[in-house]
Amino acid sequence: MNAQTLSTPNSTPAPASDGKKWAIVGGGMLGLTLAMRMAKQGHDVTLIEAAPVLGGLASVWNLGDIVWDRHYHVTLLSDSRLRNLIAEIGLEDKMKWVETKTGFYTGGKFYSMSDTKEFLSFPPLNLIEKLRLGGTIFYASKIKNWKRLERITVEKWLRRWSGNSVFEKIWEPLLKCKLGEAYKKTAASFIWAHTSRMYKARRTGLKKEMFGYVEGGYRTIIERMEEQLQQLGVKIKAGCPTSKVEKGTDGQFTIEFANDEPDAKFDRVIMTTPNAILDRVCVDLSVEEKQKFSNVSYLGIVCASLLLKKPLSVYYVTNLTDDWVPMTAVIEMTTIVDPQELGGNSVVYLPKYVPAEHEMFEKSDEEVKESFLSALERMYPEFTRDDVLAFEISRVRNVMAIPTLRYSESLPEMKSSVDGLYIVNSSYILKGNLNVNESITIAEDAMETVLKSELQTTV
Ligand SMILES: Cc1cc2nc3c(=O)[nH]c(=O)nc-3n(C[C@H](O)[C@H](O)[C@H](O)COP(=O)(O)OP(=O)(O)OC[C@H]3O[C@@H](n4cnc5c(N)ncnc54)[C@H](O)[C@@H]3O)c2cc1C
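- The protein is annotated in an unreviewed UniProt entry as Amine oxidase domain-containing protein from Mariniblastus fucicola.

Here it is, written out as structure tokens:
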């Protein structure tokens, strides 16, 4: 890694550390942001990550002879918290913005749905249906009291406002793309969060769809954050899966690991991992808290990354709505990223979103590869398997907490019943869907609320 000058736009001088040792468990973007901000305030922080590398869902891996994001990532013009963080770590000048197109594959044909004109000429819908669809999106973007939408399922709400035919032709296939069959138990707040994010993004971009990325992808961001954490004195324990967090009679927490790493002691612990592990790992949580965390259902993903000799599509996202297609979208990175950054090749992602317990997770690499490549051959006649330079599969069971009915009311407090143990993770995203901007918002807001009094204590 290059040596970098530490940029400190938060120019308030760091207070003296109060001597407390903080552990942050989970080195995704949320944990990284918390660690950086707390270290800048002068706190003694150790960041603990199960995987050998930092970044979590935003981490990178080898794809053939390039290193690129394990999951596709773009930034929107309206992602102000993320853009501030990128500026704070000195990478603003590496940010590139590109106008992109969105496609639809339906009934065996491709359609562009990138602007109002294309939207209005989308053949599967008649004029009344288009007006109802447009009206629903506009109405959703104007709703302020999103909590109201937690009381009705997304299906019921969309059928009410768009009508049954628009629901079946457009919304249902799209919901299946994003949520799999889990859409049936999802609240209408999901579609509100999604449409308002996209609406805000287009408004900032003069109705155009502008997506951004940092040169080099998330590798550049994660490496820079890691470097700055080290300069700030944060101790990083990667490759250390936390297996137990227990408070002793001395008031200190002992963290145990699932590998040979010796136990470690801390005064305070912040868990940023998905809820699924909390009842097993955080042994002192109350029965009620454990139950509430376990009740949160997660959406998982099986996501293939392909390194191809040439681009596959002119659309950044092509939503696939035909039932026979085994994946839910095709993501073409060269619509955004300069192919030179990809070794002169193209990177394509084929995601399939499924509930955490879905049988898709049991399928072998070969089975997934065969079904995904066969689908590409059928959809894109010019595609051949000779174009495929590398094919890797990422499987993550706990990606996103599904916003079910009355979701926000069912979550336990971030400040747990165990004094000094905090749960600050992406399941607390209530006003948006999972994205890095929201993860950063959760970290920053926690520092201003539940963690504030602890972080202000100085000796
Ligand atoms: C396919 C896909 C596409 C996406 N596209 C975009 C996009 O275009 N734009 C965007 O902004 N966002 C996107 N996101 C969302 C974005 O990746 C997340 O919002 C963000 O990375 C979540 O960060 P986090 O720290 O909250 O969670 P995570 O990244 O899940 O971090 C949690 C960390 O905890 C670690 N952990 C788990 N168990 C343990 C344990 N026992 N001990 C220690 N560590 C543990 C995990 O390894 C992980 O590193 C996408 C996500 C996916 C999956």
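### Some thoughts on the site of the ligand
Turning to step 1, where the next piece is worked out: Every one of the 30 residues lining the ligand counts as a neighbour, but Glu49, Leu57, Tyr72, His73 and Val436 are closest to it.
Turning to step 2, where the next piece is worked out: A distance of 3.2 Å is found between an oxygen atom of the ligand and a backbone nitrogen or oxygen belonging to methionine 29.
Turning to step 3, where the next piece is worked out: At 3.0 Å, a backbone N or O of leucine 30 approaches an oxygen atom of the ligand.
Turning to step 4, where the next piece is worked out: If the ligand stood free it would expose 1000 Å²; the protein chains cover 89% of that surface.
Turning to step 5, where the next piece is worked out: For the shell around the ligand, the secondary-structure elements that each account for two or more residues are helix 1 (29-40) and helix 13 (436-448).
Turning to step 6, where the next piece is worked out: Its residues assigned to classes, the shell around the ligand shows 17 nonpolar, twelve polar and one charged.

### Topic: the pairing of strand 15 (residues 298-308)
Turning to step 1, where the next piece is worked out: For strand 15, the buried fraction is high: eleven of the eleven residues fall into the buried class.
Turning to step 2, where the next piece is worked out: Along strand 15, one buried face is formed by Tyr298, Gly300, Val302, Ala304, Leu306 and Leu308 and the opposite face, lined by Leu299, Ile301, Cys303, Ser305 and Leu307, is buried too.
Turning to step 3, where the next piece is worked out: Where strand 15 lies against strand 19 (residues 388-401), ten bridges are found, and the strand directions are antiparallel. Looking at strand 19, one finds that serine 305 is bridged to glutamate 392.
Turning to step 4, where the next piece is worked out: In this structure, strand 15 lies alongside strand 18 (residues 346-355), joined through ten bridges in antiparallel fashion. Considered in strand 18, the bridge of leucine 308 is made with serine 346.

### Describing the sheet that holds strand 10 (residues 235-237)
Turning to step 1, where the next piece is worked out: The parallel open sheet is built from five strands, whose spatial order is 10-2-1-14-20. Across the chains shown, the open sheet's two edge strands, defined by having one partner strand only, are strand 10 and strand 20 (421-423). In this sheet, neighbouring strand axes are inclined to one another by 15° on average, regardless of whether the strands run parallel or antiparallel.
Turning to step 2, where the next piece is worked out: Bridge count between strand 2 (residues 44-48) and strand 10: three bridges; the pairing is parallel. Each residue of the ladder has a partner; that of threonine 46, found in strand 10, is lysine 235.

### Things to note about the sheet that holds strand 12 (residues 253-257)
Turning to step 1, where the next piece is worked out: Read across the sheet, three strands follow the order 11-12-13 without closing on themselves; strand pairing throughout is antiparallel. Because the sheet does not close on itself, it has two edges, and the strands there are strand 11 (242-247) and strand 13 (264-266). Averaged over all neighbouring strand pairs, the angle between strand axes comes to 25°, with direction disregarded.
Turning to step 2, where the next piece is worked out: Bridging between strand 12 and strand 13 involves three bridges; their strand directions are antiparallel. Looking at the pairing, isoleucine 255 lines up with alanine 264 of strand 13.

### With respect to helix 4 (residues 127-142)
Turning to step 1, where the next piece is worked out: The end-to-end C-alpha distance of helix 4, which contains 16 residues, comes to 23 Å, matching closely the 22 Å that a straight helix rising 1.5 Å per residue would cover.
Turning to step 2, where the next piece is worked out: When helix 4 is considered as a whole, its buried residues turn out to be Glu129, Lys130, Leu133, Thr136, Ala140 and Ser141. Axial view of helix 4: buried residues confined to an arc of 130°, hence all on one face. Across helix 4 from its buried face, at more than 90 degrees, point the exposed residues Leu127, Ile128 and Leu131.

Basis of the calculations
Residues numbered from 1 in each chain as written. Predicted model: local features only at pLDDT ≥ 70, side-chain atom pairs only at ≥ 80, totals over all residues. Heavy atoms only, no water. Near = heavy atom within 4 Å. Polar contact = N/O pair within 3.5 Å; in protein donor to acceptor, adjacent residues only side chain to side chain. Areas by Shrake-Rupley, 256 points an atom, 1.4 Å probe, with all protein chains shown as cover. Helix = DSSP H or I, 4+ residues; strand = E, 2+ residues; numbered from the N terminus. Nonpolar A, V, L, I, M, F, W, Y, C, P; charged D, E, K, R; others polar. Buried < 20%, exposed > 50% of the residue type's maximum accessible area, 1.4 Å probe, protein only. Pairing = 2+ DSSP bridges. Axes fitted to C-alpha atoms, helices over the stretch in contact; angles between N-to-C directions. Expected span 1.5 Å × (residues − 1). Arc of directions from axis to C-beta.

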